[in-house]
Amino acid sequence: LLVVSTLAIFAMACSDGGSASLIQANDAIAEHTHDDADEFVYIIAGEGSAHMGQRNEPLSAGVFMMIPRGTAHAFAVGKKHPLVFVSTLAGGHCS
């Protein structure tokens, strides 16, 4: 369990081919990239948006999205928070 400010990350699984985490965010997640892994995101609860370059994708329960490796992205939290989602990094190294 990693808790930073209002962000909680629960490691669910990890192998040489990637990792899966349950993430609970009460505030925005700053722009970042995953150079060695594609990220698959499944929204469990809450609402918000994903920002990738000029694209803004709305997020709510049931949304599934794929973010290609090397793509800068950020998450904003909407009025219904926390934003709870599973993040799977495929192709990356287990840390």
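Residues numbered from 1 in each chain as written. Predicted model: local features only at pLDDT ≥ 70, side-chain atom pairs only at ≥ 80, totals over all residues. Heavy atoms only, no water.

**Thoughts on the nonpolar core**
Here comes step 1: Of all hydrophobic cores here, the largest spans 13 residues; its most connected members are V41, L59, M65, F75 and F85.
Here comes step 2: If you list the elements that add at least two residues to this core, you get β3 (18–25), β5 (38–45), β6 (47–52), β8 (64–67) and β10 (83–90).
Here comes step 3: Discounting residues that sit within four places of it in the chain, F85 has contacts with S21, L22, I23, I29, V41, Y42, I43, I44 and F75. (Core = buried A, V, L, I, M, F, W, Y, C linked by side-chain atoms within 4.5 Å. Buried < 20%, exposed > 50% of the residue type's maximum accessible area, 1.4 Å probe, protein only. Helix = DSSP H or I, 4+ residues; strand = E, 2+ residues; numbered from the N terminus. Contact = heavy atoms within 4.5 Å.)

**Topic: unusual backbone geometry**
Here comes step 1: At the junction of H81 and P82, the peptide bond is cis and its omega measures out at 10° in the coordinates.
Here comes step 2: Mapping P82 onto the fold places it in the loop between β9 (73–77) and β10.

**Side note on the sheet that holds strand β7 (residues 55–60)**
Here comes step 1: Spatially, four strands are ordered β4-β9-β6-β7 in an open sheet, and the strand pairing comes out antiparallel. Since the sheet does not close on itself, it has two edges, and those belong to β4 (29–32) and β7, each with one partner. Strand-to-strand, the axes of this sheet are offset by a mean angle of 20°, without reference to chain direction.
Here comes step 2: Pairing of β4 with β9, which is carried by two bridges, proceeds in the antiparallel orientation. When the sheet's bridge partners are listed, H32 is paired in β9 with H73. (Pairing = 2+ DSSP bridges. Axes fitted to C-alpha atoms, helices over the stretch in contact; angles between N-to-C directions.)

**Thoughts on the confidence of the model for the protein**
Here comes step 1: Averaged over all residues, the pLDDT of the protein is 86; the fraction at 70 or higher stands at 82%.
Here comes step 2: β9 holds the highest mean pLDDT among the elements of the protein, 97, whereas strand β1 (residues 2–4) holds the lowest, 46. (pLDDT = per-residue confidence, 0-100.)

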